[in-house]
Amino acid sequence: MTLWNNNFPDSRFELEEPDPLKTDEFILNMGPQHPSTHGVLRVVLKTDGEIVEKATPYIGYLHRTFEKHAEEMTWPQIVPYVDRMDYLASMNNALGYALAIEKLAGIEVNERAQYLRVIVAELNRIASHLVFYGTFGLDVGAFTPFLYGFREREMILDLFEEISGGRLLYNYIWIGGVAFDTPDGWLDKVSKFCDYFETKIKEYNDLLSFNKIFIDRTAGVGVIPPDLAINYGLSGPTLRGSGINFDIRKNDPYGIYDRFDFNVCVGDGTRGVIGDSWNRYWVRMQEMIESLKIVRQALDQIPEGDAKETVPRNVRVPAGEIYFRTETPRGELGYYIISDGGKTPVRVKVRAPAFSNLSILPAIAKGTMVADLVAILGSFDIVLGEIDR
(Lines give C-alpha, C1' and ligand atoms only; values in the text may rest on other atoms or scores of the structure.)
Protein backbone atom coordinates (compact mmCIF):
# COMPACT_ATOMS: atom_id res chain seq x y z
CA MET A 1 0.00 0.00 0.00
CA THR A 2 1.38 3.43 -0.95
CA LEU A 3 0.63 6.59 0.95
CA TRP A 4 1.11 9.92 -0.81
CA ASN A 5 1.98 13.06 1.09
CA ASN A 6 -0.04 15.91 -0.44
CA ASN A 7 2.29 18.55 0.90
CA PHE A 8 5.33 16.88 -0.63
CA PRO A 9 4.12 15.14 -3.76
CA ASP A 10 7.60 13.88 -4.63
CA SER A 11 8.02 11.97 -1.39
CA ARG A 12 6.36 8.69 -0.74
CA PHE A 13 6.91 5.69 1.49
CA GLU A 14 5.60 2.19 1.88
CA LEU A 15 3.51 1.31 4.90
CA GLU A 16 4.44 -2.04 6.37
CA GLU A 17 1.65 -4.58 6.16
CA PRO A 18 0.73 -5.96 9.61
CA ASP A 19 1.91 -9.50 10.28
CA PRO A 20 -1.26 -11.59 10.65
CA LEU A 21 0.66 -14.17 12.72
CA LYS A 22 2.14 -11.73 15.24
CA THR A 23 0.50 -11.96 18.65
CA ASP A 24 0.24 -9.46 21.45
CA GLU A 25 3.27 -9.00 23.62
CA PHE A 26 3.19 -11.16 26.72
CA ILE A 27 5.16 -10.66 29.96
CA LEU A 28 6.16 -13.89 31.68
CA ASN A 29 7.87 -14.24 35.05
CA MET A 30 10.23 -17.24 35.05
CA GLY A 31 11.19 -17.80 38.69
CA PRO A 32 12.16 -17.25 41.36
CA GLN A 33 10.59 -20.63 42.13
CA HIS A 34 11.11 -22.12 38.68
CA PRO A 35 13.35 -25.24 38.92
CA SER A 36 15.54 -24.27 35.95
CA THR A 37 16.50 -20.93 37.51
CA HIS A 38 18.78 -22.95 39.83
CA GLY A 39 18.00 -20.89 42.89
CA VAL A 40 16.04 -17.73 43.48
CA LEU A 41 16.77 -16.04 40.15
CA ARG A 42 13.87 -14.23 38.50
CA VAL A 43 13.91 -13.75 34.73
CA VAL A 44 11.26 -11.47 33.22
CA LEU A 45 10.50 -12.58 29.68
CA LYS A 46 8.84 -10.46 27.02
CA THR A 47 7.51 -12.97 24.54
CA ASP A 48 5.74 -13.12 21.20
CA GLY A 49 4.05 -16.47 21.44
CA GLU A 50 6.85 -18.90 22.26
CA ILE A 51 9.57 -16.59 20.95
CA VAL A 52 11.53 -14.54 23.48
CA GLU A 53 11.77 -10.88 22.52
CA LYS A 54 13.63 -9.84 25.67
CA ALA A 55 14.94 -11.54 28.81
CA THR A 56 15.85 -9.51 31.89
CA PRO A 57 17.43 -11.30 34.88
CA TYR A 58 16.66 -9.91 38.33
CA ILE A 59 18.69 -10.85 41.40
CA GLY A 60 18.29 -9.81 45.02
CA TYR A 61 16.33 -12.65 46.62
CA LEU A 62 19.28 -14.33 48.37
CA HIS A 63 21.40 -11.41 49.50
CA ARG A 64 23.97 -12.63 52.02
CA THR A 65 25.69 -9.25 52.56
CA PHE A 66 28.97 -11.18 52.60
CA GLU A 67 31.11 -8.22 51.59
CA LYS A 68 29.71 -6.08 54.41
CA HIS A 69 29.98 -8.89 56.95
CA ALA A 70 33.66 -9.25 56.06
CA GLU A 71 34.39 -5.72 57.30
CA GLU A 72 33.38 -6.78 60.83
CA MET A 73 35.13 -10.16 60.96
CA THR A 74 38.74 -11.01 61.69
CA TRP A 75 40.72 -12.45 58.79
CA PRO A 76 40.26 -16.14 59.79
CA GLN A 77 36.58 -15.65 60.69
CA ILE A 78 35.80 -14.76 57.06
CA VAL A 79 36.58 -18.28 55.78
CA PRO A 80 33.16 -19.80 56.71
CA TYR A 81 31.49 -16.88 54.93
CA VAL A 82 33.29 -17.46 51.63
CA ASP A 83 32.18 -21.11 51.82
CA ARG A 84 28.59 -19.94 51.52
CA MET A 85 28.85 -17.97 48.29
CA ASP A 86 29.24 -20.77 45.75
CA TYR A 87 27.99 -23.48 48.05
CA LEU A 88 28.67 -26.16 45.42
CA ALA A 89 32.39 -25.30 45.39
CA SER A 90 33.18 -24.24 48.95
CA MET A 91 36.73 -25.60 48.84
CA ASN A 92 37.51 -23.48 45.78
CA ASN A 93 36.08 -20.34 47.38
CA ALA A 94 38.23 -20.76 50.49
CA LEU A 95 41.34 -21.55 48.44
CA GLY A 96 41.15 -18.24 46.58
CA TYR A 97 40.61 -16.25 49.76
CA ALA A 98 43.43 -18.00 51.66
CA LEU A 99 45.88 -17.50 48.79
CA ALA A 100 45.01 -13.80 48.57
CA ILE A 101 45.62 -13.21 52.30
CA GLU A 102 48.79 -15.28 52.27
CA LYS A 103 50.25 -13.29 49.40
CA LEU A 104 49.30 -9.97 51.01
CA ALA A 105 50.66 -11.02 54.42
CA GLY A 106 53.70 -12.93 53.16
CA ILE A 107 52.64 -16.21 54.78
CA GLU A 108 54.41 -19.36 53.53
CA VAL A 109 52.37 -22.57 53.38
CA ASN A 110 54.09 -25.92 53.77
CA GLU A 111 54.21 -28.45 50.93
CA ARG A 112 51.82 -31.04 52.35
CA ALA A 113 49.10 -28.47 52.95
CA GLN A 114 49.47 -27.16 49.40
CA TYR A 115 48.99 -30.62 47.93
CA LEU A 116 45.98 -31.30 50.13
CA ARG A 117 44.46 -28.03 48.95
CA VAL A 118 44.81 -29.07 45.31
CA ILE A 119 43.33 -32.51 46.00
CA VAL A 120 40.21 -31.17 47.74
CA ALA A 121 39.78 -28.30 45.25
CA GLU A 122 39.82 -30.66 42.26
CA LEU A 123 37.54 -33.17 43.97
CA ASN A 124 35.17 -30.27 44.63
CA ARG A 125 35.38 -29.28 40.96
CA ILE A 126 34.28 -32.80 40.00
CA ALA A 127 31.48 -32.74 42.59
CA SER A 128 30.25 -29.39 41.27
CA HIS A 129 30.30 -30.59 37.66
CA LEU A 130 28.34 -33.69 38.70
CA VAL A 131 25.60 -31.43 40.06
CA PHE A 132 25.66 -29.57 36.74
CA TYR A 133 25.43 -32.85 34.83
CA GLY A 134 22.38 -33.93 36.78
CA THR A 135 20.54 -30.61 36.88
CA PHE A 136 21.25 -29.76 33.23
CA GLY A 137 19.73 -33.10 32.31
CA LEU A 138 16.66 -32.18 34.38
CA ASP A 139 16.45 -28.81 32.63
CA VAL A 140 16.02 -30.46 29.24
CA GLY A 141 13.77 -33.27 30.45
CA ALA A 142 16.09 -36.14 31.44
CA PHE A 143 15.69 -37.34 35.03
CA THR A 144 18.03 -40.35 35.19
CA PRO A 145 21.33 -38.40 34.82
CA PHE A 146 20.49 -36.61 38.07
CA LEU A 147 20.53 -39.92 39.92
CA TYR A 148 23.76 -41.03 38.26
CA GLY A 149 25.60 -37.78 38.96
CA PHE A 150 24.55 -37.60 42.59
CA ARG A 151 25.55 -41.23 43.15
CA GLU A 152 29.25 -40.41 42.60
CA ARG A 153 28.98 -36.97 44.18
CA GLU A 154 27.92 -38.61 47.44
CA MET A 155 31.18 -40.53 47.43
CA ILE A 156 33.16 -37.28 47.20
CA LEU A 157 31.07 -35.80 50.01
CA ASP A 158 31.88 -38.87 52.12
CA LEU A 159 35.58 -38.09 51.62
CA PHE A 160 35.02 -34.44 52.51
CA GLU A 161 33.04 -35.35 55.61
CA GLU A 162 35.85 -37.61 56.76
CA ILE A 163 38.53 -34.95 56.38
CA SER A 164 36.59 -31.82 57.43
CA GLY A 165 33.39 -32.89 59.19
CA GLY A 166 31.12 -31.23 56.61
CA ARG A 167 29.33 -32.32 53.45
CA LEU A 168 28.54 -28.94 51.89
CA LEU A 169 30.30 -26.17 53.84
CA TYR A 170 33.72 -27.25 55.04
CA ASN A 171 35.80 -24.46 56.65
CA TYR A 172 38.75 -26.69 55.74
CA ILE A 173 41.23 -24.48 53.88
CA TRP A 174 42.59 -22.00 56.41
CA ILE A 175 44.98 -19.08 56.08
CA GLY A 176 48.41 -20.70 56.26
CA GLY A 177 47.32 -24.28 55.61
CA VAL A 178 44.36 -26.54 56.30
CA ALA A 179 42.23 -27.27 59.36
CA PHE A 180 43.10 -30.97 59.65
CA ASP A 181 45.59 -33.42 58.25
CA THR A 182 44.32 -36.54 56.54
CA PRO A 183 42.78 -39.37 58.60
CA ASP A 184 44.48 -42.76 58.30
CA GLY A 185 43.85 -44.30 54.91
CA TRP A 186 42.14 -41.21 53.47
CA LEU A 187 44.57 -40.74 50.58
CA ASP A 188 44.13 -44.40 49.62
CA LYS A 189 40.36 -43.89 49.55
CA VAL A 190 40.82 -40.91 47.22
CA SER A 191 42.96 -43.05 44.92
CA LYS A 192 40.34 -45.81 44.85
CA PHE A 193 37.64 -43.25 44.10
CA CYS A 194 39.65 -41.96 41.12
CA ASP A 195 39.93 -45.50 39.72
CA TYR A 196 36.21 -46.09 40.22
CA PHE A 197 35.06 -42.71 38.88
CA GLU A 198 37.05 -42.96 35.66
CA THR A 199 34.95 -45.94 34.61
CA LYS A 200 31.74 -43.94 35.09
CA ILE A 201 32.47 -41.10 32.66
CA LYS A 202 31.71 -43.28 29.62
CA GLU A 203 28.45 -44.21 31.32
CA TYR A 204 27.57 -40.51 31.67
CA ASN A 205 28.35 -39.84 28.03
CA ASP A 206 26.38 -42.84 26.78
CA LEU A 207 23.40 -41.80 28.89
CA LEU A 208 23.28 -38.08 28.08
CA SER A 209 26.16 -36.48 26.16
CA PHE A 210 25.55 -38.31 22.88
CA ASN A 211 21.83 -38.87 23.34
CA LYS A 212 20.05 -37.66 20.20
CA ILE A 213 17.25 -35.87 22.05
CA PHE A 214 19.75 -34.12 24.32
CA ILE A 215 21.84 -33.03 21.34
CA ASP A 216 18.75 -31.71 19.53
CA ARG A 217 17.84 -29.68 22.63
CA THR A 218 21.30 -28.14 23.13
CA ALA A 219 23.31 -28.16 19.90
CA GLY A 220 23.20 -24.79 18.12
CA VAL A 221 21.24 -23.26 21.02
CA GLY A 222 22.47 -20.10 22.72
CA VAL A 223 25.59 -19.63 20.61
CA ILE A 224 28.07 -17.16 22.14
CA PRO A 225 30.72 -16.02 19.61
CA PRO A 226 34.27 -15.71 21.03
CA ASP A 227 34.40 -11.90 20.73
CA LEU A 228 31.08 -11.53 22.55
CA ALA A 229 32.24 -13.88 25.31
CA ILE A 230 35.36 -11.78 25.87
CA ASN A 231 33.47 -8.48 25.76
CA TYR A 232 31.08 -9.64 28.49
CA GLY A 233 33.90 -10.86 30.74
CA LEU A 234 32.84 -14.50 30.67
CA SER A 235 35.13 -17.05 32.28
CA GLY A 236 35.41 -20.72 33.12
CA PRO A 237 33.62 -23.38 31.05
CA THR A 238 31.18 -20.75 29.76
CA LEU A 239 34.11 -18.92 28.13
CA ARG A 240 35.99 -22.04 27.04
CA GLY A 241 32.82 -23.41 25.47
CA SER A 242 33.21 -20.59 22.92
CA GLY A 243 36.63 -21.93 21.94
CA ILE A 244 38.74 -19.57 24.08
CA ASN A 245 41.73 -21.43 25.51
CA PHE A 246 42.03 -19.69 28.87
CA ASP A 247 42.29 -21.31 32.28
CA ILE A 248 43.86 -19.42 35.18
CA ARG A 249 45.44 -22.63 36.46
CA LYS A 250 47.46 -22.69 33.20
CA ASN A 251 47.65 -19.05 32.09
CA ASP A 252 48.31 -17.51 35.50
CA PRO A 253 49.20 -20.45 37.79
CA TYR A 254 48.67 -20.11 41.52
CA GLY A 255 49.65 -22.34 44.42
CA ILE A 256 51.41 -25.39 42.97
CA TYR A 257 49.32 -25.84 39.81
CA ASP A 258 52.40 -25.29 37.64
CA ARG A 259 53.65 -28.71 38.81
CA PHE A 260 50.82 -30.66 37.19
CA ASP A 261 50.29 -31.82 33.64
CA PHE A 262 46.71 -31.36 32.44
CA ASN A 263 44.85 -30.04 29.41
CA VAL A 264 42.62 -26.97 29.12
CA CYS A 265 39.26 -28.14 27.77
CA VAL A 266 37.60 -25.95 25.13
CA GLY A 267 34.54 -26.27 22.93
CA ASP A 268 35.55 -28.25 19.85
CA GLY A 269 32.33 -28.53 17.89
CA THR A 270 32.16 -32.33 18.30
CA ARG A 271 28.42 -31.73 18.25
CA GLY A 272 26.58 -28.54 17.38
CA VAL A 273 28.46 -25.26 17.00
CA ILE A 274 31.37 -23.97 19.05
CA GLY A 275 29.90 -21.60 21.64
CA ASP A 276 26.54 -23.34 21.97
CA SER A 277 24.95 -24.97 25.01
CA TRP A 278 26.18 -28.45 24.11
CA ASN A 279 29.81 -27.32 23.92
CA ARG A 280 29.55 -25.56 27.29
CA TYR A 281 28.25 -28.83 28.68
CA TRP A 282 30.99 -30.84 26.96
CA VAL A 283 33.76 -28.68 28.43
CA ARG A 284 32.61 -29.60 31.94
CA MET A 285 32.43 -33.29 31.12
CA GLN A 286 36.01 -33.20 29.83
CA GLU A 287 37.19 -31.16 32.80
CA MET A 288 36.25 -33.94 35.19
CA ILE A 289 38.78 -36.17 33.42
CA GLU A 290 41.48 -33.50 33.73
CA SER A 291 40.70 -33.00 37.42
CA LEU A 292 41.22 -36.73 37.93
CA LYS A 293 44.66 -36.37 36.33
CA ILE A 294 45.58 -33.56 38.71
CA VAL A 295 44.36 -35.46 41.78
CA ARG A 296 46.35 -38.55 40.82
CA GLN A 297 49.53 -36.52 40.28
CA ALA A 298 49.02 -34.79 43.63
CA LEU A 299 48.57 -38.16 45.36
CA ASP A 300 51.85 -39.37 43.84
CA GLN A 301 53.77 -36.23 44.80
CA ILE A 302 52.37 -35.34 48.24
CA PRO A 303 55.11 -35.29 50.89
CA GLU A 304 54.93 -36.27 54.55
CA GLY A 305 54.70 -33.60 57.24
CA ASP A 306 52.32 -31.60 59.36
CA ALA A 307 49.74 -29.83 57.20
CA LYS A 308 48.86 -27.46 60.06
CA GLU A 309 52.33 -26.34 61.10
CA THR A 310 52.23 -23.10 59.07
CA VAL A 311 48.77 -21.99 60.27
CA PRO A 312 49.47 -18.85 62.35
CA ARG A 313 47.87 -18.37 65.76
CA ASN A 314 47.12 -14.74 64.96
CA VAL A 315 46.84 -13.54 61.39
CA ARG A 316 48.44 -10.15 60.87
CA VAL A 317 47.92 -8.53 57.48
CA PRO A 318 49.99 -5.42 56.77
CA ALA A 319 48.42 -2.36 55.20
CA GLY A 320 47.98 -2.76 51.47
CA GLU A 321 45.66 -4.07 48.80
CA ILE A 322 45.54 -7.05 46.48
CA TYR A 323 43.46 -8.61 43.70
CA PHE A 324 43.90 -12.37 43.51
CA ARG A 325 42.08 -14.72 41.15
CA THR A 326 41.61 -18.48 40.96
CA GLU A 327 39.80 -20.88 38.63
CA THR A 328 36.65 -22.25 40.25
CA PRO A 329 34.15 -24.63 38.58
CA ARG A 330 32.25 -21.57 37.33
CA GLY A 331 35.23 -19.46 36.25
CA GLU A 332 37.37 -16.62 37.54
CA LEU A 333 36.78 -15.95 41.22
CA GLY A 334 38.62 -12.79 42.23
CA TYR A 335 39.11 -11.25 45.67
CA TYR A 336 39.96 -7.56 45.91
CA ILE A 337 41.06 -6.96 49.50
CA ILE A 338 42.14 -3.77 51.27
CA SER A 339 43.90 -3.87 54.66
CA ASP A 340 44.86 -0.99 56.94
CA GLY A 341 46.93 -3.26 59.16
CA GLY A 342 44.11 -3.94 61.60
CA LYS A 343 42.43 -7.15 62.71
CA THR A 344 39.65 -6.79 60.15
CA PRO A 345 39.73 -5.85 56.45
CA VAL A 346 38.71 -2.40 55.24
CA ARG A 347 37.10 -3.93 52.15
CA VAL A 348 36.57 -7.33 50.62
CA LYS A 349 35.11 -7.18 47.11
CA VAL A 350 34.39 -10.36 45.20
CA ARG A 351 34.45 -10.81 41.44
CA ALA A 352 31.99 -13.70 41.14
CA PRO A 353 32.16 -15.68 37.86
CA ALA A 354 28.47 -16.64 37.75
CA PHE A 355 27.50 -12.95 38.05
CA SER A 356 29.50 -12.03 34.94
CA ASN A 357 28.40 -15.13 33.04
CA LEU A 358 24.72 -14.40 33.70
CA SER A 359 25.10 -10.86 32.36
CA ILE A 360 25.23 -12.12 28.76
CA LEU A 361 21.76 -13.71 28.94
CA PRO A 362 19.83 -10.68 27.53
CA ALA A 363 22.25 -10.45 24.60
CA ILE A 364 21.71 -14.02 23.38
CA ALA A 365 18.11 -14.64 24.50
CA LYS A 366 16.35 -12.58 21.82
CA GLY A 367 14.80 -14.76 19.15
CA THR A 368 15.05 -18.02 21.09
CA MET A 369 12.12 -20.12 22.20
CA VAL A 370 11.17 -20.23 25.88
CA ALA A 371 12.19 -23.91 26.08
CA ASP A 372 15.59 -23.04 24.58
CA LEU A 373 16.07 -20.28 27.13
CA VAL A 374 15.81 -22.93 29.86
CA ALA A 375 18.63 -24.88 28.18
CA ILE A 376 20.76 -21.73 27.79
CA LEU A 377 20.35 -20.75 31.42
CA GLY A 378 21.17 -24.28 32.56
CA SER A 379 24.33 -24.34 30.44
CA PHE A 380 25.74 -21.39 32.43
CA ASP A 381 25.74 -23.49 35.64
CA ILE A 382 24.96 -20.50 37.86
CA VAL A 383 24.84 -20.49 41.67
CA LEU A 384 22.84 -17.61 43.08
CA GLY A 385 24.77 -17.55 46.34
CA GLU A 386 27.75 -15.96 44.60
CA ILE A 387 25.68 -13.82 42.24
CA ASP A 388 23.72 -12.10 45.00
CA ARG A 389 26.51 -12.26 47.54
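Anything mentioned here points back to the structure above.
So, how was this worked out
What you see as residue numbers is a count from 1 along each chain, following the sequence as written. Owing to the predicted nature of the model, reporting of local features is limited to residues with pLDDT of at least 70; listing and counting of side-chain atom pairs is limited to 80 or more, with chain, interface and lining totals taken over all residues. Excluding hydrogens and water, the side-chain figures rest on all heavy atoms present in the structure. Secondary structure is summarised from DSSP: a helix means a run of H or I of at least four residues, a strand means a run of E of at least two, and numbering begins at the N terminus for each. To sort residues, take the accessible area from a 1.4 Å probe on protein chains only and compare it with the maximum for the residue type: under 20% means buried, over 50% means exposed, and anything in between is partly exposed. When checking whether two residues touch, look at their non-hydrogen atoms; a contact exists if any pair is within 4.5 Å. Stacked, tilted and edge-to-face are the three classes assigned to paired rings of Phe, Tyr and Trp, where Trp is represented by its six-membered ring and a pair needs centres within 6.5 Å; plane angles under 30 degrees give stacked, over 60 edge-to-face, the rest tilted. Only when the NZ atom of a Lys or the CZ atom of an Arg is both within 6 Å of the ring centre and within 35 degrees of the ring normal do we say a charge sits over the ring. By this definition, two strands are paired if DSSP reports at least two bridges between them. Only the contacting stretch of a helix is used when fitting its axis, a line to C-alpha atoms as for every element, and angles between N-to-C directions run 0 to 180 degrees. Rotating anticlockwise by less than a right angle from the far helix to the near helix defines a left-handed crossing, while the corresponding clockwise rotation defines a right-handed one. Throughout, the ten residues Ala, Val, Leu, Ile, Met, Phe, Trp, Tyr, Cys and Pro are labelled nonpolar, Asp, Glu, Lys and Arg are labelled charged, and all others, Gly among them, are labelled polar. The span expected for a helix works out to 1.5 Å for each residue beyond the first.

Examining the side chain of Arg284
Okay, so step 1: Mapped onto the fold, Arg284 is located in helix H12 (residues 277–301).
Okay, so step 2: Among the residues examined, Arg284 registers a relative accessible area of 1% and is labelled buried.
Okay, so step 3: Other than its neighbours up to four places away in sequence, Arg284 contacts His129, Phe132, Pro237, Thr238, Ser379, Phe380 and Asp381.

Focus: the packing of aromatic side chains
Okay, so step 1: The full count for this structure, using the stated rule, is 19 aromatic pairs.
Okay, so step 2: Look at Phe136 and Tyr281: their rings are 6.0 Å apart centre to centre, the planes differ by 35°, and that puts the pair in the tilted class. In this pair, Phe136 sits in helix H4 (residues 111–139) while Tyr281 sits in helix H12, placing the two residues 145 residues apart along the sequence. You'll find Phe136 and Tyr281 in the same group, each marked buried.
Okay, so step 3: What links up through ring pairs into an aromatic cluster is the set Phe132, Tyr133, Phe136, Phe193, Phe197, Tyr204, Phe214 and Tyr281.
Okay, so step 4: The aromatic ring of Phe355 is capped on one face by Arg389, whose charged end is 5.4 Å from the ring centroid.

Section: the pairing of strand E10 (residues 347–351)
Okay, so step 1: With burial as the criterion, only one face of E10 is covered, namely that bearing Val348 and Val350; the residues Arg347, Lys349 and Arg351 on the opposite face remain uncovered.
Okay, so step 2: When strand E9 (residues 331–339) meets E10, the two strands line up antiparallel, connected through 5 bridges. Residue Gly334 lies in a different strand from E10, and its bridge partner there is Arg351.

Looking at the environment of Ile322
Okay, so step 1: Mapping Ile322 onto the fold places it in strand E8 (residues 320–328).
Okay, so step 2: Once residues within four sequence positions are removed from consideration, Ile322 is found in contact with Ala100, Lys103, Leu104, Tyr335, Tyr336 and Ile337.

Quick notes on unusual backbone geometry
When glycine is set aside, most residues are seen to have a negative phi, and most peptide bonds are trans.
Okay, so step 1: In this chain, Gly31 is followed by Pro32 through a cis amide linkage whose omega measures 10°.
Okay, so step 2: Examined against the element boundaries, Pro32 turns out to sit in the loop between strand E3 (26–30) and strand E4 (42–48).
Okay, so step 3: The residue His38 is not glycine, and still its phi comes out positive at about 50°.
Okay, so step 4: When you line up the elements, His38 lands in the loop between E3 and E4.
Okay, so step 5: Here His38 falls in the buried class, since its relative accessible area comes to 16%.
Okay, so step 6: One non-glycine residue, Asn171, lies in the positive phi region at around 50°.
Okay, so step 7: Turning to its location among the elements, Asn171 is positioned in the loop between helix H5 (144–164) and strand E6 (173–174).

Some thoughts on the packing of H4 against helix H6 (residues 186–198)
Okay, so step 1: At a minimum axis distance of 13 Å, the contact between H4 and H6 shows a crossing angle of 35°. Of the two elements, H4 crosses H6, and the hand of that crossing is left-handed. Residues Arg112, Leu116, Ile119, Val120, Leu123, Ile126 and Leu130 of H4 lie in contact with H6, whose contacting residues are Trp186, Leu187, Val190, Phe193 and Phe197.
Okay, so step 2: Class assignment of the residues belonging to the contact of H4 with H6 gives a composition of 11 nonpolar, no polar and 1 charged.

Some details on H5
Okay, so step 1: For H5, built from 21 residues, the straight-helix expectation of 30 Å at 1.5 Å per residue is met to within 8% by its first-to-last C-alpha distance of 30 Å.
Okay, so step 2: Taken residue by residue, H5 has Pro145, Gly149, Glu152, Arg153, Ile156, Leu157, Leu159, Phe160, Ile163 and Ser164 as its buried positions.
Okay, so step 3: Of the surrounding elements, those touching the buried residues of H5 are helix H3 (90–105), H4, H6 and helix H7 (201–209).
Okay, so step 4: Note on H5: the residue one or two positions beyond its end, Gly165, has a positive phi of about 95°.

Topic: H12
Okay, so step 1: Compared with an ideal rise of 1.5 Å per residue, which puts 25 residues at 36 Å, H12 spans 37 Å between its outermost C-alpha atoms and is within 8% of the ideal.
Okay, so step 2: For H12, the buried fraction is high: 19 of the 25 residues fall into the buried class.

Brief notes about the sheet that holds E9
Within a sheet, adjacent strands bond to each other through the backbone by hydrogen bonds, running parallel or antiparallel.
Okay, so step 1: Overall, antiparallel pairing links the 3 strands, which are arranged E8-E9-E10 in an open sheet. Strand pairing shows two members of the sheet lacking a second neighbour, E8 and E10, which therefore form its edges. Neighbour-to-neighbour, the strand axes of this sheet turn through a mean angle of 15°, independent of strand direction.
Okay, so step 2: Along the sheet, H3 contacts E8 and E9; its crossing angle with E8, the most-contacted strand, is approximately 150°.

Some points on the sheet that holds strand E5 (residues 51–58)
Okay, so step 1: Spatial strand order, E3-E4-E5: 3 strands in an open sheet with antiparallel pairing. The outermost strands of the open sheet, each flanked by one partner alone, are E3 and E5. In this sheet, neighbouring strand axes are inclined to one another by 20° on average, regardless of whether the strands run parallel or antiparallel.

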